[in-house]
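Architecture at a glance
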Amino acid sequence: MRDMTGAGAHVRRPDVMGSWRRLAATRARERSDQGPSGISLLPWLLMGVGAFSHLLGGEAPNPWIGGIGLFTFNTLYIAIVFRSFHPGSRETPLTWGLLGTLGALTFALAIGYGREWLLLFPLLGLAVGATVRRGRLLRWITLPLVVAVGVVTFWRDGWDSVGVVYGTFISVMVTAAILALDETVGQLRATREELARAAVEKERLRFSRDLHDLLGHTLSVIVVKSEVVRRLAPRDLDAALAQVADIEAVGRQALTEIREAVTGYREGSLATELDRARDALSSAGIEPVVRRSGPLLEPQTEALLSWVVRESTTNAVRHSGASRCVIALDGTADRVRLTVTDDGRGPVARTPATTGTPGSGLRGLRERVAAAGGTLDSGPAPRGGFRVTAELPAETPGPHEYEGEPTT
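Since we're looking at a predicted model, the values are computed, not measured.

What about the environment of R337?
Topologically, R337 is positioned in strand β3 (residues 335–342). Between the C-alpha atoms of R337 and E391, which are 54 residues apart in sequence, the distance is 4.4 Å. Filtering out sequence-adjacent residues up to four positions away, R337 remains in contact with A328, L329, D330, G331, T389, A390 and E391.

Written out as structure tokens, the structure is:
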């Protein structure tokens, strides 16, 4: 957006697309560093080389049965570890059935052949740890498994098999711990992506809402003053030039506010906004009535009420056809209430503001006020016309009168 004053300055828009690009780059980096997968557990199958050598050496009885058993063991192991890394299939009955079959086959081969075949137990531990991973079920499975492995290995190989028992226990626990940690990290990554996406959407909503509130009011004032200039120019050139100077001042002020709004540092001044409202209403031929009393307000409360004044008076100028508009601010130590009432055509004229897209007009203000713990109501006034009422908490008590010239 180029400087409307001709000074050549620019207003930068929030870098929404840049935020999305950064988010996409983060996702790409995370995909390249996804942690362990089923392939990472395949090299451990080399622990079965001893059993394979036992078969080739001709020392194993019934080598064909042993060969089929070893082939089946490897197939089951590969199927289980790959299914265990897929959340949708890890806890299915099929995976548990495959794991139970692998356990039964491992014990059968270890009991039938002993020695080198006992090294299949740590591989079984890897499969159990990859599938179960965490929780009470892991403890209930690990303890009986290690005890059963200890009984079988001691029977087949005596005290020399203590390393196999320890290796089985470590295989279960370390694998479960590493994969559970990796799963937690993945969940944290997904949460971070969701938070980043929500932050981008929130910034887009903030910018569109602020831009609507800023430009809607400013352009309405410029249009009204331009009409005044058109009427005055043929008969009173000096008065018309004064209105043109006002238009220039409004444009400069709007540009400053837009710069502040897009950088997120704009704080509304209620007194300034009331002065602008009176000027805008007077230029539109509407008599402004401003009454202010009550407690001192926090800056955040003043800023929010400034938006309410701006939107309400903008609607009155653009849609109401009113002859009089009353802006009343009062409150107690706990609550403050702002009421903007005009004697115009009523709620029908406000349709564009109240039925706009979320984040614009009175609907956007209602969301802001609700987020601050207050309420905003709009509708027909008891004696005709239209009324907007906003109530917010007030934290700092004390009298504070409107510093401008009161109008009654």
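So, next bit.
Observations regarding the sheet that holds strand β1 (residues 287–292)
Ordered in space as β1-β2-β3-β5-β4, the 5 strands form an open sheet in which the pairing is mixed. The sheet terminates laterally at β1 and β4 (375–380), the two strands that pair on one side only. When the angles between neighbouring strand axes are averaged without regard to direction, this sheet yields 10°. Here β1 pairs with strand β2 (residues 324–331) via 6 bridges, running parallel. When the sheet's bridge partners are listed, V289 is paired in β2 with V326. In this fold helix α10 (residues 270–283) packs onto β1 and β2, with an angle of close to 160° to the strand it touches most, β1.

A few points about the nonpolar core
In this structure, Y77, W117 and F121 are the most contacted members of the largest nonpolar core, which totals 39 residues. Of all the secondary structure elements, the ones that give two or more residues to this core are α2 (49–56), α3 (63–84), α5 (93–113), α6 (120–132), α7 (136–157) and α8 (162–232). Among the elements that take part in this core, α6 stands out by supplying 9 residues, more than any other. When residues no more than four places from it in sequence are discounted, the contact partners of F121 are T106, F107, A110, V149, V152, T153, V164 and T168. Residues W307, L329, L365 and A394 belong to the second largest nonpolar core, which totals 30 residues.

A few points about the packing of α5 against α7
Interhelical geometry of α5 versus α7 gives an angle of 15° and a closest axis separation of 9 Å. When the interaxial angle is binned, α5 and α7 end up roughly parallel. Between α5 and α7 lies a crossing whose hand is right-handed. Where α5 approaches α7, its residues W96, F107, A110, I111, G112 and Y113 are matched on the opposing element by L137, I141, L145, A148, V149, V152, W155 and R156. Considered class by class, the residues forming the contact of α5 with α7 number 12 nonpolar, 1 polar and 1 charged.

What about the environment of L138?
Residue placement: L138 occurs in helix α7. Sequence spacing of L138 and M173 is 35 residues, and the spatial spacing of their C-alpha atoms is 8.6 Å. If we ignore the near neighbours within four places in the chain, the residues touching L138 are V132, R133, V172, M173 and A176.

Describing α5
Here α5 spans 30 Å end to end across 21 residues, near enough to the 30 Å set by a 1.5 Å rise per residue. Looking at α5, one finds that the buried residues are T95, L98, L99, L102, G103, L105, T106, F107, L109, A110 and Y113. Structurally, α5 contributes buried residues whose contacts are with α2, α3, α4 (87–90), α6 and α7.

Structural notes on the packing of aromatic side chains
The full count for this structure, using the stated rule, is 3 aromatic pairs. Residues F73 and Y77 carry aromatic rings whose centres are separated by 6.5 Å and whose planes lie at 10° to one another, so their mutual orientation is stacked. Linking F73 with Y77, this pair stays in helix α3, spanning 4 residues, or about one helical turn. Each member of the pair, F73 together with Y77, is buried. Relative to W117, the ring of Y113 has its centre 4.6 Å away and its plane inclined at 25°; by these criteria the two rings are stacked. Above the face of the W307 ring, R368 is positioned so that its terminal group lies 4.8 Å from the ring centre.

A few points about empty space enclosed by the protein
By the definition in use, this model includes 2 cavities of 30 Å³ or more. There is about 30 Å³ of room inside the second largest cavity. Together, R292, S293, G294, P295, L297, L329, D330 and V336 line the second largest cavity. Of the residues belonging to the lining of the second largest cavity, the class tally is 4 nonpolar, 2 polar and 2 charged.

How each quantity is defined
- Residues numbered from 1 in each chain as written.
- Predicted model: local features only at pLDDT ≥ 70, side-chain atom pairs only at ≥ 80, totals over all residues.
- Heavy atoms only, no water.
- Helix = DSSP H or I, 4+ residues; strand = E, 2+ residues; numbered from the N terminus.
- Contact = heavy atoms within 4.5 Å.
- Pairing = 2+ DSSP bridges.
- Axes fitted to C-alpha atoms, helices over the stretch in contact; angles between N-to-C directions.
- Core = buried A, V, L, I, M, F, W, Y, C linked by side-chain atoms within 4.5 Å.
- Buried < 20%, exposed > 50% of the residue type's maximum accessible area, 1.4 Å probe, protein only.
- Parallel < 35°, antiparallel > 145°, perpendicular 65-115°, else oblique.
- Left-handed = near helix turned anticlockwise from the far one by under 90°.
- Nonpolar A, V, L, I, M, F, W, Y, C, P; charged D, E, K, R; others polar.
- Expected span 1.5 Å × (residues − 1).
- Phe/Tyr/Trp six-rings, centres within 6.5 Å; stacked < 30°, edge-to-face > 60°.
- Lys NZ or Arg CZ within 6 Å of the ring centre and 35° of its normal.
- 1 Å grid on protein atoms, 1.4 Å probe; cavity = no way out; pocket = protein on both sides within 12 Å on 5 of 7 lines; lining within 4 Å.
- Points joined across faces, edges and corners; volume = space filled by probe spheres on them.

Keep in mind these numbers describe shape, not what the thing actually does.
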